[in-house]
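Structural overview for review
Residues per chain are reported as follows:
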Amino acid sequence: MSAALATCRPGAWVEVDDLFASMRDTGLSPTVARSDRALWKLYLVDAQYGSLGYAGFGEWDILEGRYTLAVIFEYAATLGLVDVAYDGPVGARDDYHGNWGADDLDYLSRYDGLRALRLTGLGAYALGLTGPYRPPADAAPIRNLKVLSNLDVVATGELSPADRLVLDAYAKRTAERVWTLTTDSVLAAVAAGRSADQLRDFLAGRLAQPKLPAALLVLLDDVTARAGRLRDLGQVRLIECADPALAALIHHDRRLRPLCTAIGERHLAVPMEQEPAFRRALQALGYALPVR
C-alpha cells in the first residue's frame, strides 16, 4: 500500500477509481487471499452459492479494492498520512451487484463511501517523497474559557474536540459547558503523565479574562510541589538475603555496590537493566541468584 500511495502527488486529490486503475496498471495490487483455495472461503451471504472463488465473482474491485479502501480509511487516514473525501456508503458503488446474494445489499462495506484521497505533507514525508517534515503552525486558540474563583471552568463559546479532551483530563465535567477543577482531578492527570504547567499554559492561552484566579494558581503550585516530591526510578529486582551480614557483604563489594541499593537490613534493590551485570558480579563473589 505504501508504494501505491507514493504514486499520488502530495496535496492533490485523487479519485479512488483512478487510484485503483493505477495500482492495477503498475502491478501494485495487495494480496488478499493467500491462495486460490483460500479465496473460496470468502463469500457473500452463503458459503456455497456466494463464494468469491467462482469465476467473475471475486473481481479486483471487490477483493483488492475493498481491502485498499479499508487500509486507507482505517490506517492511512487515522495516522494523518492522507485526507479523505467520504460520503455515506449506500449506493456509492455498484461493482458488487453481479455477485450472488448481493441483490438485497445497499452497500458491500462501510468503506464504499470513500470517494477520493489527498496525500498530506506528513504522508509525503513518511513515504520518503519529501525532505524534513515541518508540521503546520497551529492557529491561535480562541479565548472562550472563563475560570471562576470556585475553580469552575466555563466555556463561553463552542470548544474544539481537542480542548474538551484536555478539560476532561484535568477536571470533572459538571454541566454541558462547565468543568470543575480539584486537587484530586489535577493530581489524577499528573499521575497519568500530564503536568500542572500544561494545564496552566492551556488555560492562559484560552482565557477570556485578564488573568487566572489566585485560587487556581495556588492549586497548581500545590500539585506541582506534591508531584515534585516523588520520583519514579524505574523497575527493580528486589532481592532478599538470608541475613544482614550477607546483605552487607554484597552491598559493600566494590563490583556490586554500583549495581544495587540497600533496603533495610536484608534486602537489595537491583535496577532491571543492571540485573545481568549484578548476577555476574554476584557469581564472582561466590554466590548465585536462582532464576524465578
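Everything below is about the structure shown above.
1. What to know about the nonpolar core
In this structure, L181 and L203 are the most contacted members of the largest nonpolar core, which totals 24 residues. Elements supplying a minimum of two residues to this core: β4 (145–147), β5 (152–155), α6 (161–170), α7 (183–191), α8 (196–206) and α9 (214–228). The residues contacting L203, other than those within four sequence positions of it, are L145, V147, V153, L167, L181, L212 and L216.

2. A word on the pattern of salt bridges
In the structure shown here, the tally under the stated rule is 19 salt bridges. A salt bridge links R164 to E158, with the shortest nitrogen-to-oxygen separation between them at 4.0 Å. R164 sits in the buried class, given a relative accessible area of 15%. By relative accessible area, E158 is classed as exposed at 55%. With a shortest N-O distance of 3.4 Å, E275 and R237 are connected by a salt bridge. Here E275 is found in helix α11 (residues 275–285), whereas its partner R237 is found in strand β8 (residues 236–240), with 38 residues between them in sequence. Look at R237 and you get partly exposed, because its relative accessible area is 30%.

3. Things to note about the packing of aromatic side chains
This model, assessed by the stated rule, comprises three aromatic pairs. Counting every residue linked through ring pairs, the aromatic cluster contains F73, Y86 and Y111.

4. Quick notes on a nonpolar patch on the surface
There is a patch of nonpolar side chains on the surface, built from V32, L42 and Y67 and spanning about 220 Å² of accessible area. Judged by relative accessible area, which is 32%, L42 ranks as partly exposed.

5. Points about α11
Residues E275, F278, A281 and L282 constitute the buried set of α11. One side of α11 carries all its buried residues, which in axial view fall inside an arc of 125°. In α11, the exposed residues that point more than 90 degrees away from the buried face are R280, Q283 and A284. Those residues of α11 that are buried are in contact with β8, α10 (244–252) and β10 (267–271).

6. A short note on the sheet that holds strand β3 (residues 114–119)
Pairing between the strands of a sheet is mediated by backbone hydrogen bonds and can be parallel or antiparallel. Sheet architecture is open: three strands sit in the order β1-β3-β2, paired in antiparallel fashion. Every other strand in the sheet has two partners, leaving β1 (13–15) and β2 (82–86) as the edge strands with one partner each. Between one strand axis and the next, the sheet turns through 25° on average, direction left out of account. In terms of strand pairing, β2 meets β3 through five bridges, oriented antiparallel. The residue of β3 that forms the bridge with D83 is R118. Packing against the sheet, helix α2 (residues 16–25) makes contact with β1 and β3, and its axis sits at approximately 75° to β1.

Calculation criteria
Residues numbered from 1 in each chain as written. Predicted model: local features only at pLDDT ≥ 70, side-chain atom pairs only at ≥ 80, totals over all residues. Heavy atoms only, no water. Core = buried A, V, L, I, M, F, W, Y, C linked by side-chain atoms within 4.5 Å. Buried < 20%, exposed > 50% of the residue type's maximum accessible area, 1.4 Å probe, protein only. Helix = DSSP H or I, 4+ residues; strand = E, 2+ residues; numbered from the N terminus. Contact = heavy atoms within 4.5 Å. Salt bridge = Lys/Arg side-chain N within 4 Å of Asp/Glu carboxyl O. Phe/Tyr/Trp six-rings, centres within 6.5 Å; stacked < 30°, edge-to-face > 60°. Patch = residues over 30% accessible without salt bridge, like charges linked within 9 Å, V, L, I, M, F, W, Y side chains within 5 Å. Areas by Shrake-Rupley, 256 points an atom, 1.4 Å probe, with all protein chains shown as cover. Arc of directions from axis to C-beta. Pairing = 2+ DSSP bridges. Axes fitted to C-alpha atoms, helices over the stretch in contact; angles between N-to-C directions.

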